[in-house]
Amino acid sequence: MPRRRPPAGWRRFAGIAAVAILLPACDRHAETAQGEDSVAVAVETVRYTEFAPEITLTGAIAARTLTSLSFRVGGQVIERNADVGQHVAPTEVLARLDPAEQEVNVRTAQASLDAAKSQLAQASSTFDRQKTLLAQGFTTRRQYDEAQEALRTAQGALTVAESQLANAQDQLSFTQLRAGISGIITARTIEVGQVVQPTETVFTIAEDGPRDAVFDVQETLVANTKTDPVVTIALLSNPEIKAKGQVREVSPAIDPATGTVRVKVSIADTPPQMTLGATVIGSMRMQPQRSAILPWSALTSDEGEPAVWLVEGETNVVALAPVKVLSYERERVVIVSGLEEGQRVVTKGTQLLRSGEVVDVVEEAGQ
């Protein structure tokens, strides 16, 4: 069946309508090309400087020297005179054991000593008599030698008995546990009635003297810290109380549970307010690094990694560039790589950008 052609009037109307639709579209395309609908952004020119970030960590005050105390003999505890947190003097008795066994040993040793003295007196008298008789010719040389040998044996027995008595007296004195140093008790493991073994730790004392501030630090921070840094220590409860310290010891092993390294900072003049266990804040400068400092608003994300928007040349086309961040400061970020000197980075308006989009720069800083 032959197709019917539309009337000539209808064809003219359709042509006019098509032209009317295409003209606004062309106008909008022209406006976009001229940048009238582009995103307005603020940019900053990248400038590299030597930046030494300050790191701040929380730690605690600890004693430079911890001493573990134990009895030299075993027995049952009959007295405990000290507790955790108490300050003790070197001669102070912290605890006592039942001395019954040691007292018996002392009495036995004393009896042996008395017997040795008696034997020595008898042997000495016999030797003197034999010596006189030998000079007068009324005894033999053999009897004289035997008396002399008996005297020497008695003298040796006396020495042994004196040593045994001294040892028994020492054992008796060991039933009293003295501090031996001045310090604060930080731990105890005994109670009255408990039976303890020799060398079993019963008290731990933090010795008086210099203190340390102990921090658990990330391994990367330890590696990037300059040699022998000066650390400023401030009391958390009162930041006005401060002291200077030097890194004294860095643990050679990493804590497998936390992934941190223990660092001990010695404090030469410890303020009295920095008591054992007090929480402190330590601040120090890291090694200077060539870095670019930008406002925090410039930072965005590219598949979970930090990145920034770059404005390329005179075309004002934006592109996403991955960067490596050294540290996140207050209202700014420190970037160590990924940018070149003189590049322009978008600092405001990043939320509306797409790669390859033309932007309108309305504010520029860092020139």
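Residues numbered from 1 in each chain as written. Predicted model: local features only at pLDDT ≥ 70, side-chain atom pairs only at ≥ 80, totals over all residues. Heavy atoms only, no water.

The protein chain is annotated in an unreviewed UniProt entry as Efflux RND transporter periplasmic adaptor subunit of Phyllobacterium phragmitis.

The next subject is the packing of helix H2 (residues 100-136) against helix H3 (residues 141-173). The interhelical angle for the contact between H2 and H3, taken along N-to-C directions, is 160 degrees, at an axis separation of 7 Å. What the angle tells us is that H2 and H3 run roughly antiparallel. As for the relative orientation of H2 and H3, their crossing is left-handed in sense. The residue inventory of the contact of H2 with H3, partitioned by class, reads 19 nonpolar, 14 polar and five charged. (Axes fitted to C-alpha atoms, helices over the stretch in contact; angles between N-to-C directions. Helix = DSSP H or I, 4+ residues; strand = E, 2+ residues; numbered from the N terminus. Parallel < 35°, antiparallel > 145°, perpendicular 65-115°, else oblique. Left-handed = near helix turned anticlockwise from the far one by under 90°. Nonpolar A, V, L, I, M, F, W, Y, C, P; charged D, E, K, R; others polar.)

Before going further, it helps to spend a moment on the sheet that holds strand S4 (residues 66-70). One open sheet accounts for four strands, arranged S4-S11-S9-S6; its pairing is antiparallel. Edge positions in the open sheet fall to S4 and strand S6 (87-88), since each of these has one partner strand only. By the bridge criterion, five bridges tie S4 to strand S11 (residues 201-207) in an arrangement that is antiparallel. Among the inter-strand pairings, Leu69 is bridged to a residue of S11, identified as Phe203. (Pairing = 2+ DSSP bridges.)

Moving on, we get to the packing of aromatic side chains. Counted by the stated rule, this structure contains one aromatic pair. Plain terms: the ring middles of Phe127 and Tyr144 are 5.4 Å apart, the flat faces sit at 40 degrees to each other, and that makes the pair tilted. Pair noted here: Phe127 is in helix H2 and Tyr144 is in helix H3, with a separation of 17 residues, a long-range link. Across this residue pair, the class does not change: Phe127 and Tyr144 are buried. Over the aromatic face of Tyr48 sits the side chain of Arg290, whose NZ or CZ is 4.0 Å from the ring centroid. (Phe/Tyr/Trp six-rings, centres within 6.5 Å; stacked < 30°, edge-to-face > 60°. Buried < 20%, exposed > 50% of the residue type's maximum accessible area, 1.4 Å probe, protein only. Lys NZ or Arg CZ within 6 Å of the ring centre and 35° of its normal.)

Membership of the largest hydrophobic core comes to 19 residues, with the highest contact counts inside it found for Ile61, Ala213, Phe215, Ile233, Val265, Met274 and Val280. At the level of elements, strand S3 (54-63), strand S12 (211-218), strand S13 (230-235), strand S15 (260-267) and strand S16 (279-285) are the ones that each hand at least two residues to this core. Beyond its immediate sequence surroundings of up to four residues, Val265 is in contact with Arg211, Asp212, Ala213, Phe215, Val231, Ile233, Gly245, Gln246, Val247 and Arg248. Core analysis: the second largest hydrophobic core is formed by 18 residues, Leu94, Ile185, Ile190 and Val196 among them. (Core = buried A, V, L, I, M, F, W, Y, C linked by side-chain atoms within 4.5 Å. Contact = heavy atoms within 4.5 Å.)

The subject of this paragraph is the pattern of salt bridges. Within the structure shown, the criterion is met by 13 salt bridges. Note that Arg142 is salt-bridged to Glu146, the shortest N-O span being 3.5 Å. You can see Arg142 and its partner Glu146 sitting in helix H3, four residues apart, about one turn around the helix. On the accessibility criterion, Glu146 (47% relative accessible area) is partly exposed. (Salt bridge = Lys/Arg side-chain N within 4 Å of Asp/Glu carboxyl O.)

Moving on, we come to the sheet that holds strand S10 (residues 195-196). Pairing between the strands of a sheet comes from backbone hydrogen bonds, and it takes one of two forms, parallel or antiparallel. Spatial ordering of the open sheet is given by S8-S7-S5-S10, a layout of four strands whose pairing is antiparallel. A single partner strand is all that each edge strand has here, and the edge strands are strand S8 (176-178) and S10. Summarising the sheet, strand S5 (residues 75-80) and strand S7 (residues 93-97) pair through three bridges and their orientation is antiparallel. Bridge pairing in S7 places Arg80 opposite Ala95.

With that out of the way, let us pick up the pairing of strand S20 (residues 317-322). Relative to S20, strand S19 (residues 305-312) runs antiparallel, the two being bridged by six bridges. Residue pairing in the sheet places Leu310 in a bridge with Ala319 of S20. Joining the antiparallel neighbours S19 and S20 is a turn of four residues, in which Gly313 adopts a positive phi near 50 degrees.

The subject of this paragraph is the environment of Gln343. When you line up the elements, Gln343 lands in the loop between strand S22 (332-337) and strand S23 (344-348). Exposure remark for Gln343: the relative accessible area of 25% places this residue in the partly exposed category. As a C-alpha pair, Gln343 and Val43 span 300 residues in sequence and 9.7 Å in three-dimensional space. Setting aside its immediate chain neighbours within four residues, Gln343 contacts Glu44, Thr45, Val46 and Leu310. Of note is the side chain of Gln343, whose polar atom sits 2.8 Å from the backbone nitrogen of Glu340. (Polar contact = N/O pair within 3.5 Å; in protein donor to acceptor, adjacent residues only side chain to side chain.)

Assignment of secondary structure puts Thr260 in strand S15. Within the local environment of Thr260, its side chain forms a polar contact with the side chain of Thr258, the two groups lying 2.6 Å apart. Residues within four places of Thr260 in sequence aside, it is in contact with Asp216, Val217, Gln218, Ala253, Ile254 and Asp255.

Time to look at the confidence of the model for the protein chain. Confidence in the prediction of the protein chain, expressed as mean pLDDT, is 85, and 87% of residues score 70 or more. For the protein chain, helix H1 (residues 8-33) is the element with the lowest average pLDDT, namely 41, and S7 is the one with the highest, namely 97. Predicted confidence for residues 8-35 stays below pLDDT 50, and this span has five contacts to residues more than four positions away or in other chains. (pLDDT = per-residue confidence, 0-100.)

Regular strands place their side chains on alternate faces of the sheet. Along S7, four of the five residues are buried, which leaves the element largely enclosed by surrounding structure. As judged from the three bridges shared by S7 and S8, these two strands associate in the antiparallel manner. Among the inter-strand pairings, Arg96 is bridged to a residue of S8, identified as Gln176.

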